[in-house]
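Observations on chain architecture
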Amino acid sequence: MSILALAFSAPAGAEELKDWTLQRADGGKKYNVTVPSTVAGALNQAGVFGKDVLNEDNYKGIDKTQFDVPWVYTTRFATQKGQCYVLRFEGLNFYADIELNGKKLASADTTAGTFCIREFDVTKLVKGKNTLKVTLRRPQSGDLNHGYVDWNPRPVDESMGIIRPVVLIATPDVQVQDVFVKPIVNTLDLSSAKILVNCCIVNRSSRAVDGALRGTWDNGVWEVPVSLAPGETREVKVEKTVENPRLWWPREMGSPELYHMNVAFAKGEKVSHSKDVTFGIRDIQGYINQYGYRQFAINGRKLLIKGAGWTDDIFMQDTPESIRAQLEMVADMGLNLVRFEDIWGKDDTVYDLCDQMGLLALVGWSCQWEWEDYCGLKETKGYGCINDPRSEAFAVRYFHDQLIRLRNHPAIIGWLTGSDRIPNPRLEEQYLALYNKLEYRPYVCSAQSLTSLAGPSGTKMTGPYEYVGPDYWWVDKKVGGAFGFNTETNPGINLPQVESLKKIVGEDQLWPMGENWNYHCTSSSSHMNNMEFQKNAMAATYGEAGSLEDYVRKAHALEYDSVKAMYEAFRCNVPLSTGVVHWMLNSAWPSMYWQLYDWYGIPTSGYFGTKKGTQPIQLVFNYADNTVWVVNDVVPQARLTATLKVYDVNSKLIREESREIMSIAREPARVFEAVAGPAFVALELKGDFEADNFYCIPAKGAKYNWKKSDWWGIPAFEYANLDFVSALPEAKVQMEFTSTEYGYDVKLTNLSDVIAYQNILKAKDSTGDLIPGVFWSDNFFTLVPGQSKVVTCKLPKGCETAQIELAGWNAK
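Now for a look at the structure at hand. The model shown is predicted, which means the values in this text are computed figures rather than measured ones.

**Focus: the pattern of salt bridges**
- A complete count under the given rule lists 43 salt bridges for this structure.
- A salt bridge links Glu239 to Lys194; its shortest N-O distance comes to 3.6 Å. Placement of Glu239 in strand 18 (residues 233-243) and of Lys194 in strand 15 (residues 192-203) is noted, with a sequence separation of 45 residues between them.
- Counted as one network, the salt bridges with shared partners bring together Arg88, Glu90, Glu119, Asp121 and Arg204.

**Considerations on unusual backbone geometry**
- Going from Asn93 to Phe94, the amide bond is cis rather than trans, its omega being 15 degrees.
- Here Phe94 lies in the loop between strand 7 (92-93) and strand 8 (95-100).
- That bond from Trp511 to Pro512 is cis: its omega, -5 degrees, falls within 30 degrees of zero.
- The residue Pro512 is located in the loop between helix 8 (498-505) and helix 9 (515-519) in this model.

**Observations concerning the pairing of strand 19 (residues 259-267)**
- Inspection of the sheet shows strand 16 (residues 209-217) paired to strand 19 by 6 bridges, in the antiparallel sense. Across the sheet, the residue bridging to Trp217 is Met261, located in strand 19.
- As paired elements, strand 19 and strand 20 (residues 270-279) share 9 bridges and run antiparallel to each other. The residue of strand 20 that forms the bridge with Tyr259 is Phe279.
- Taking the residues between adjacent antiparallel strands as the criterion, strand 19 and strand 20 are bridged by 2 residues, where Gly268 takes a positive phi near 70 degrees.

**A look at the sheet that holds strand 5 (residues 71-78)**
- Taken in spatial order, the 6 strands of this open sheet run 3-2-5-11-8-9, and their pairing is antiparallel. Either end of the sheet is taken by a strand with one partner, and the two such strands are strand 3 (31-34) and strand 9 (103-106). The sheet shows a mean angle of 30 degrees between the axes of neighbouring strands, taken without regard to direction.
- In terms of strand pairing, strand 8 meets strand 9 through 3 bridges, oriented antiparallel.

**A closer look at the side chain of Asn101**
- Among the structural elements, Asn101 can be located in the loop between strand 8 and strand 9.
- Polar contacts involving the side chain of Asn101 include one to the side chain of Asn130, which spans 2.9 Å.
- Other than its neighbours up to four places away in sequence, Asn101 contacts Leu125, Val126, Lys127, Lys129, Asn130 and Thr131.

**As for the environment of Asp318**
- Residue placement: Asp318 occurs in the loop between strand 24 (305-309) and helix 2 (320-332).
- Distance from Asp318 to Pro153, taken between C-alpha atoms, is 18 Å for residues 165 residues apart in sequence.
- Those residues within four positions of Asp318 in sequence are excluded, and the remaining contacts are Asp312, Asp313, Ile323, Gln326 and Lys346.
- From its side chain, Asp318 meets the backbone nitrogen of Asp313 in a polar contact 3.0 Å long.

Here is what the cut-offs are and how they apply
- Residues numbered from 1 in each chain as written.
- Predicted model: local features only at pLDDT ≥ 70, side-chain atom pairs only at ≥ 80, totals over all residues.
- Heavy atoms only, no water.
- Salt bridge = Lys/Arg side-chain N within 4 Å of Asp/Glu carboxyl O.
- Helix = DSSP H or I, 4+ residues; strand = E, 2+ residues; numbered from the N terminus.
- Pairing = 2+ DSSP bridges.
- Axes fitted to C-alpha atoms, helices over the stretch in contact; angles between N-to-C directions.
- Polar contact = N/O pair within 3.5 Å; in protein donor to acceptor, adjacent residues only side chain to side chain.
- Contact = heavy atoms within 4.5 Å.

Right, dumping it as structure tokens:
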């Protein structure tokens, strides 16, 4: 019985088996479940864990021992005579015994591994009405499992389950098993391209078959005659030239054009089996630049990576709708990449949507396998935990299967085969042999600044992961600052809005802050596991918080300024800087740390700081020398009027300048000379593009303890003093809103002679909860005296009305 691991998108003659029952192997209640699912996810969906199991400390109450026993998934399906049948399992976690109609198809001693893809020819075992049983045992310590590392508590079931699709494939004879389309673009003028089509076909029948392999795609039809012996597997290769190709571009650089191809095996006009593939025509390069850093280029054009790191839900309960909603937020923030540390997704939905939306993806293995505390295998210095024959065999099989699965996605720009470490030479030799055979995109040995058999990574992963002031990104020249390609970093806590906090910690622990605040930090044993670091930085910057509302507004201000400055500094430092990935994009459960929107889908202040800092063209404040620069990542050129206004601590205008400028892509330029603090700075661009920005400038920057800088971050002898922001008197802000076809236009006017700082607009439902999926054109923004601003509020589909509220720093 052949076991094959190849990429899949549902062909004609394929049925995804979604409806199953789930039961403990030792008996008990049966649950109707949908596959893919984890066991714990299915139980949670069935209400077994009770309501709101991820809120407060309810997760602690789940009995983990129930997952020490095997669980059995069962489904039924029908077959017809005269057909050959193949069962395809895309992801079984971890140890699986598979039975079809009471006969063992595979056993757990040979059928194990989270990222293995398996096909079984079951033609001789099917009989009209069929029963399929999959008995699963969870991963054990030392197994190469799906990994959430220390980002959140471990899944109670270690993500055991049928976590990717199970598909029944039918054909009278020949199966089109895999289609890979490799594009080659003429990058000199982009006027032409070639596509190399590699098809794998299998004769599943016991007789010789004559026919033709036919490809039908946007640019026509190709056909190749094929004769196959019984049981033969054959690769068929076709090359086509494309004149004036519709190129796939990241969304900020152009349109993410896609092509579609159907590849069918036919005998005359009768199709035995076919497979659809979607692909993009584009060129990707990832080279080490003159500074020693990895630079990516698409279709010959360099770009600065502006990304954030993805995680699946802790129960793997993401849906196509929830994934789309999250990627729409990525696009709304102005980011161009999602990093997948671990091969996330119950299916290809997230990668398909990245293709469609023009969002780049960087995929690779998790550091879960590089640290003994998380993996359970002994570490080897420099190489992590994959160093014995068994784990190496798993890793190589995983790599092979996932390379083939993902290689048609144009959004994917490269593979990271290490995160915190590099593969050992013996393992990497096998990786490289597979990569050179199956892939063509940049291979990167590590997210860290390391060198392997493949050469230097050209990346860095030096933090910080705890709070740093906005000046850090500009003044640090040795660690995590704005140079090179920082594959994961952020300023620590990304606090949810207060409406979410009430759910996360519970009303009784909101203030004074109870233990649930710390419980919903990370699960690291060393750092980021409590609120103290941020609380101390906040007190030093704005003064001690006197209430929950005061704490939240100050935490939001810290996050907004530092996250915004991170992206701005990297933009201003090109070509020395080549990329930055905010750690993380989202959270697997309700969390305080590392997220640009919370588990409920509500933006943090860092979301809007990111959106402000990544405007196509923007004026930014350089904290290293207090000057103002214009940054522009991709717009070829733009004529603009730049305006600077400086206000003293009493909100009095003390300096105003305007000048005409020409902004050119990837050529940051100084626009205004230094601004002395303490002061407020308002910036504005008008012309071909419009943007605004705002800063609170201290008298002097933070004083960091560089000798104590470590992987997690850096302490400070003292932080910038922004007491003058806390001392702002009450500002009178008028709010008006009008209904529109998409939601509301909201106009805020500062009627006072003092600055109205960080005005936060909220769209709530009838219960007072924030509505997820709302898109504000701007938020957490500041109004200078007399200023009016209109922002749009786009409500999600199906939401007709909302209650609009203003929660300002000093606005009433």
